[in-house]
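# Geometric and topological summary
Given next are the chains, with one letter for each unit.
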Amino acid sequence: MKKLTNSEREGLIYSISEYGDLSYVINWDEIKVKLKIESPELVNAIENKLRADKQLNEALERFAND
């Protein structure tokens with residue numbers, strides 16, 4: 001079982017806590033596989049947030065263009 005490296009863990013925590021997204025996370029797809037084993041709840045929460053952010057941006061854009 002592969003675990004997150006300290007660098008991956010720190011990058012994930014930093015990116016989400018400082019920027020609220022994965023902008024500073026390199027190789028999210030690889031990290032996600034490892035994180036699903038360590039913390040499936042966190043993976044679900046991150047993916048839900050990404051979907052919600054996308055929906056919010058789309059709704060805001062539609063609102064701005066009306």
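In what follows, the accompanying structure is described. In this text the structure is predicted, and so the values were computed from the model without any measurement.

## Focus on the overall build of the protein
Scanning the protein for helices and strands turns up three helices and zero strands. Along the chain direction, N to C, the helices and strands of the protein fall in the order α-α-α. Here the C-alpha radius of gyration of the protein, 14 Å, is well above what a compact globule of 66 residues would show, namely 11 Å. Considering only C-alpha atoms, the protein reaches an extent of 50 × 20 × 15 Å along its principal axes.

## Focus: the pattern of salt bridges
Applying the stated criterion across every chain, the model contains four salt bridges. Among the salt bridges present, the one from Lys 34 reaches Glu 8, with a minimum N-O distance of 3.1 Å. Highlighted residues: Lys 34 in helix H2 (residues 28–38) and Glu 8 in helix H1 (residues 6–19), separated in sequence by 26 residues. Across the pair Asp 53 and Lys 49 runs a salt bridge whose closest N-O atoms are separated by 2.7 Å. Highlighted residues: Asp 53 and Lys 49, both in helix H3 (residues 40–65), separated by four residues, approximately one helical turn.

## Re the environment of Lys 54
Its location among the elements puts Lys 54 in helix H3. Residues Lys 54 and Asn 65 lie eleven residues apart in sequence; the distance between their C-alpha atoms is 17 Å.

## Digging into H1
The end-to-end C-alpha distance of H1 is 19 Å, a good match for the 20 Å that 14 residues give at a rise of 1.5 Å each. Along H1, the residues that are buried comprise Glu 8, Gly 11, Leu 12 and Ser 15. Mapping the buried residues of H1 onto a view down its axis gives an arc of 100°, with all of them on the same face. Projecting away from the buried face of H1 at angles above 90 degrees are the exposed residues Asn 6, Glu 10, Ile 13, Ser 17 and Glu 18.

## Topic: a nonpolar patch on the surface
A cluster of nonpolar side chains, namely Tyr 14, Tyr 19 and Tyr 24, defines an oily patch on the protein surface of about 340 Å² accessible area. Locating Tyr 24 in the fold gives a position in the loop between H1 and H2. Look at Tyr 24 and you get partly exposed, because its relative accessible area is 48%.

Conventions adopted
Residues numbered from 1 in each chain as written. Predicted model: local features only at pLDDT ≥ 70, side-chain atom pairs only at ≥ 80, totals over all residues. Heavy atoms only, no water. Helix = DSSP H or I, 4+ residues; strand = E, 2+ residues; numbered from the N terminus. Rg over C-alpha atoms; globule rule 2.2 N^0.38 Å. Salt bridge = Lys/Arg side-chain N within 4 Å of Asp/Glu carboxyl O. Expected span 1.5 Å × (residues − 1). Buried < 20%, exposed > 50% of the residue type's maximum accessible area, 1.4 Å probe, protein only. Arc of directions from axis to C-beta. Patch = residues over 30% accessible without salt bridge, like charges linked within 9 Å, V, L, I, M, F, W, Y side chains within 5 Å. Areas by Shrake-Rupley, 256 points an atom, 1.4 Å probe, with all protein chains shown as cover.

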